[in-house]
Amino acid sequence: GDGVLFHHTDNRTEGFHWPEKIGYNDHIIKFGVSRMEGTRFKKILVVEDEVSLARAIELKFEKLHIGQAVVTQTAEEALIVLEKEGENIGVIWLDLRLPRMDGLEFLARIRASERFKYIPVVVVSASGTPATMEKAHTLGVSDYIVKSDFQLQDIIARVADIAERSTPKTNS
């Protein structure tokens with residue numbers, strides 16, 4: 001009842017009161033937020049044209065508190081998202097079979113861009129012919145996953161691991 005924000009069991013600090021209780025609490029809140037933004041909470045750009053799968057991916061990332069998924073159904077939409085907030089994207093989940101511009105062309109474009117070439121890309125595709133896989137690896141993908149070989153939660157875990165290890169380049 002004396003206004004102390006937390007109970008501290010270390011008796012060396014007994015009787016010590018933070019002069020600015022609110023200020024100290026604000027600091028903890030800010031620190032927590034900045035740590036979250038710097039690690040698991042970068043956004044995941046999902047480029048997947050199958051609407052039901054895209055929605056399932058988005059919900060799964062949300063439920064597991066891994067990060068916010070930004071879902072696009074075409075490569076063109078994904079390029080617009082990158083233009084707007086590329087620095088906030090920690091990893092790109094890329095399907096290869098997309099309407100109009102396909103995934104490999106999208107990948108080639110972002111690898112040619114100074115601004116986006118360092119963003120890790122995980123290809124998550126229905127098929128993986130040796131030629132396609134080789135081309136994707138030549139373009140610097142972090143991982144190539146054939147959808148039918150894994151459960152959705154396993155794919156999400158692999159993508160989240162790459163997002164967490166990546167340190168996107170920022171201008172700030």
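Residues numbered from 1 in each chain as written. Predicted model: local features only at pLDDT ≥ 70, side-chain atom pairs only at ≥ 80, totals over all residues. Heavy atoms only, no water.

For the coordinates displayed, the defined rule picks out ten salt bridges. The closest approach of N and O atoms between Glu85 and Lys43, which form a salt bridge, is 2.7 Å. In this pair, Glu85 is assigned in helix H3 (residues 75–85) and Lys43 in strand E1 (residues 43–47), connecting sequence segments 42 residues apart. Judged by relative accessible area, Glu85 falls into the buried class, the value being 19%. Linking Glu105 and Arg109 is a salt bridge whose minimum nitrogen-to-oxygen distance equals 3.2 Å. Of the two residues, Glu105 and Arg109 both sit in helix H4 (residues 103–111), four residues apart, roughly one turn of that helix. In the salt-bridge network here, residues are joined through shared partners; they are Glu48, Asp95 and Lys147. (Salt bridge = Lys/Arg side-chain N within 4 Å of Asp/Glu carboxyl O. Helix = DSSP H or I, 4+ residues; strand = E, 2+ residues; numbered from the N terminus. Buried < 20%, exposed > 50% of the residue type's maximum accessible area, 1.4 Å probe, protein only.)

Between helix H2 (residues 51–63) and helix H6 (residues 152–165), the least distance of the axes is 11 Å, while the angle of their chain directions is 60°. Relative to H6, the element H2 is oriented oblique. Where H2 crosses over H6, the handedness of that crossing is right-handed. Of the residues in H6, those in contact with Leu53, Ala56, Ile57, Lys60 and Phe61 of H2 are Leu152, Gln153, Ile156 and Val159. Class assignment of the residues belonging to the contact of H2 with H6 gives a composition of seven nonpolar, one polar and one charged. (Axes fitted to C-alpha atoms, helices over the stretch in contact; angles between N-to-C directions. Parallel < 35°, antiparallel > 145°, perpendicular 65-115°, else oblique. Left-handed = near helix turned anticlockwise from the far one by under 90°. Contact = heavy atoms within 4.5 Å. Nonpolar A, V, L, I, M, F, W, Y, C, P; charged D, E, K, R; others polar.)

Now for the pairing of strand E2 (residues 69–72). Pairing analysis gives four bridges linking E1 to E2, with the strands arranged parallel. Within E2, the residue paired with Val46 across the bridge is Val71. With respect to chirality, the unit in which E1 leads through H2 into the neighbouring parallel E2 is right-handed. (Pairing = 2+ DSSP bridges. Right-handed = clockwise from strand over helix to strand, strands pointing away.)

Extensive coverage of strand E3 (residues 89–94) is indicated by the burial of six of its six residues. Sheet topology places E1 next to E3; five bridges connect them, and they run parallel. The partner of Leu45 across the bridge, within E3, is Ile92. With three bridges connecting them, E3 and strand E4 (residues 121–125) associate as parallel partners. Its bridge partner being in E4, Trp93 is matched across the sheet by Val122. Handedness of the E3-H4-E4 crossover: right-handed.

Geometry only, nothing functional implied.
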